[in-house]
Amino acid sequence: MPERPVHEHIRELTDTLVLLASSARLNLLLALEALKEMDIDKARRVKQADYDIDEAGQRLESQCLSFLALQQPVAKDLRTIVAIMRINDDIERIGDLSVHIVERAPDIDRELQQQYDLESVGAKVAEMLQYAIDAFAAKDTVKATRVFAIEEEIDSMHRMIVRTVMAAMKILPGEIEQLIAVLSVSRYLERIADHATKTAREALYLVTGETPRQKDSSYEKLFESLRN
């Protein structure tokens, strides 16, 4: 990296992460469209976009590691790089889960999708992800808190789907494969919501300095070594 003020490096890395997270959210929306419309071409585009997101995420991680090695940031600057690298991991997982959604799309007909209202769950998850991205970009604790509230709604929706699908399996044995696919998609959406929640926690981490994850994680060990 060329010699520039540290805050410029961090701003650039932050902006890159926000763009990457926004791309992952758009890819989720495309995956939901592919699911609803049973669109093979859109499913293919989701997979290609996920590949691009993974490539960009790897570049961002390399940039962060280079920054740590060359600048040896401390305090707030170090916390920001910690958060960027953690969220980058979450974005990668979100992209993978979007691919999993389109992979299950051929197994669920439109009627069953409507019956279990997967579209509403997906829309709520996408809304939650946008709040999480905004919370991180603006270090906004109010939006972070909003993410936690939406997470509870999504958890409730997922539990309802699980209960109704399990009940349906007992009386509709001929639809078990489709019902399993419904459970899978609902679970993928819930997991995306979990990653959005982690992103919101990172926003709080930037403001409060309280570590939001286990201290024995690989990243935490790396950052502890840099502090010593």
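> I'd like a description of the pattern of salt bridges, backed by residues and values.
Going through the model one piece at a time under the given rule, you end up with 13 salt bridges. With its nearest N and O atoms 3.8 Å apart, the salt bridge here joins aspartate 134 to lysine 143. Classification of aspartate 134 by relative accessible area gives partly exposed; the value is 26%. Since its relative accessible area comes to 29%, lysine 143 is described here as partly exposed. Through salt bridges that share partners, Lys124, Glu127, Arg146 and Glu153 make up one connected network.

> Would you mind going over the packing of aromatic side chains in detail, with residue names and values included?
A complete count under the given rule lists zero aromatic pairs for this structure. Stacked on the ring of tyrosine 205, the Lys or Arg arginine 86 has its end atom at 5.4 Å from the ring centre.

> How would you explain the environment of alanine 31 if you had to name every residue and give the values?
Relative to the assigned elements, alanine 31 resides in helix 1 (residues 6-37). For alanine 31, a relative accessible area of 0% translates into the label buried. Measuring from C-alpha to C-alpha, the distance between alanine 31 and valine 99 comes to 7.2 Å, with 68 residues separating the pair along the chain. Not counting residues within four places of it along the chain, the set of residues in contact with alanine 31 comprises Val46, Ser98, Ile101 and Val102.

> Break down unusual backbone geometry for me, citing the residues and quoting the values.
With a phi close to 55°, methionine 38 is a non-glycine residue in the positive phi region. Here methionine 38 is to be found in the loop between helix 1 and helix 2 (40-71).

> A description of the confidence of the model for the chain should follow, citing residues and the corresponding values.
Regions with low pLDDT should not have their predicted coordinates read in detail. Taken as a whole, the chain shows an average pLDDT of 89; of its residues, 90% reach a score of 70 or greater. The lowest-confidence element of the chain is helix 8 (residues 218-227), averaging 48 in pLDDT; the highest-confidence one is helix 5 (residues 118-138), averaging 96. Between residues 214-219, whose pLDDT stays under 50, and residues either more than four places distant or in other chains, the model counts nine contacts.

> How would you sum up helix 1? Please name residues and give values.
The terminal C-alpha atoms of helix 1, which comprises 32 residues, lie 47 Å apart, in line with the 46 Å expected from a rise of 1.5 Å per residue. Of the residues flanking the end of helix 1, it is methionine 38, one or two places downstream, whose phi is positive at about 55°.

> Report on the packing of helix 1 against helix 2, specifying residues and quantitative values.
Where helix 1 meets helix 2, the axes come as close as 10 Å, and the angle between the chain directions of the two elements is 165°. The orientation of helix 1 with respect to helix 2, classified from their angle, is roughly antiparallel. Note that helix 1 runs across helix 2; the crossing there is left-handed. Residue composition of the contact of helix 1 with helix 2, by class: 17 nonpolar, seven polar and five charged.

> Describe in detail the nonpolar core, supporting the description with residues and values.
Ranked by internal contacts, the top residues of the largest apolar core, which has 70 residues, are Leu28, Ile81 and Ile101. Looking at this core, the elements with two or more residues in it are helix 1, helix 2, helix 3 (75-104), helix 5, helix 6 (141-171) and helix 7 (176-208). No other element matches the 14 residues that helix 7 contributes to this core. Not counting residues up to four positions away in its chain, the partners in contact with isoleucine 81 are Ile10, Leu13, Cys64, Phe67 and Leu68.

> Residue-level account of the packing of helix 5 against helix 7, with values.
Axis angle and axis distance: for two packed helices, these are the angle between their axes and the distance between the axes, and together they describe the pair. At a minimum axis distance of 8 Å, the contact between helix 5 and helix 7 shows a crossing angle of 15°. Here helix 5 is positioned roughly parallel relative to helix 7, judged by the angle of their axes. In this structure, helix 5 meets helix 7 at a crossing whose hand is left-handed. The residues of helix 7 that touch helix 5, namely those facing Leu118, Val121, Gly122, Val125, Met128, Leu129, Ala132, Ala135 and Phe136, are Val182, Val185, Ser186, Leu189, Ile192, Ala193, Ala196, Thr197, Thr199, Ala200, Ala203 and Leu206.

> Can you lay out the environment of threonine 16 for me, pointing to particular residues and giving the numbers?
Position of threonine 16 among the secondary structure elements: in helix 1. Within polar-contact distance, the side chain of threonine 16 engages the backbone oxygen of glutamate 12 at 2.9 Å.

> Would you mind going over the environment of phenylalanine 148 in detail, with residue names and values included?
Along the polypeptide, phenylalanine 148 turns up in helix 6. Owing to a relative accessible area of 22%, phenylalanine 148 belongs among the partly exposed residues under this scheme. Along the sequence, phenylalanine 148 and tyrosine 131 sit 17 residues apart, while their C-alpha atoms lie 10.0 Å from each other.

Conventions we followed
Residues numbered from 1 in each chain as written. Predicted model: local features only at pLDDT ≥ 70, side-chain atom pairs only at ≥ 80, totals over all residues. Heavy atoms only, no water. Salt bridge = Lys/Arg side-chain N within 4 Å of Asp/Glu carboxyl O. Buried < 20%, exposed > 50% of the residue type's maximum accessible area, 1.4 Å probe, protein only. Phe/Tyr/Trp six-rings, centres within 6.5 Å; stacked < 30°, edge-to-face > 60°. Lys NZ or Arg CZ within 6 Å of the ring centre and 35° of its normal. Helix = DSSP H or I, 4+ residues; strand = E, 2+ residues; numbered from the N terminus. Contact = heavy atoms within 4.5 Å. pLDDT = per-residue confidence, 0-100. Expected span 1.5 Å × (residues − 1). Axes fitted to C-alpha atoms, helices over the stretch in contact; angles between N-to-C directions. Parallel < 35°, antiparallel > 145°, perpendicular 65-115°, else oblique. Left-handed = near helix turned anticlockwise from the far one by under 90°. Nonpolar A, V, L, I, M, F, W, Y, C, P; charged D, E, K, R; others polar. Core = buried A, V, L, I, M, F, W, Y, C linked by side-chain atoms within 4.5 Å. Polar contact = N/O pair within 3.5 Å; in protein donor to acceptor, adjacent residues only side chain to side chain.

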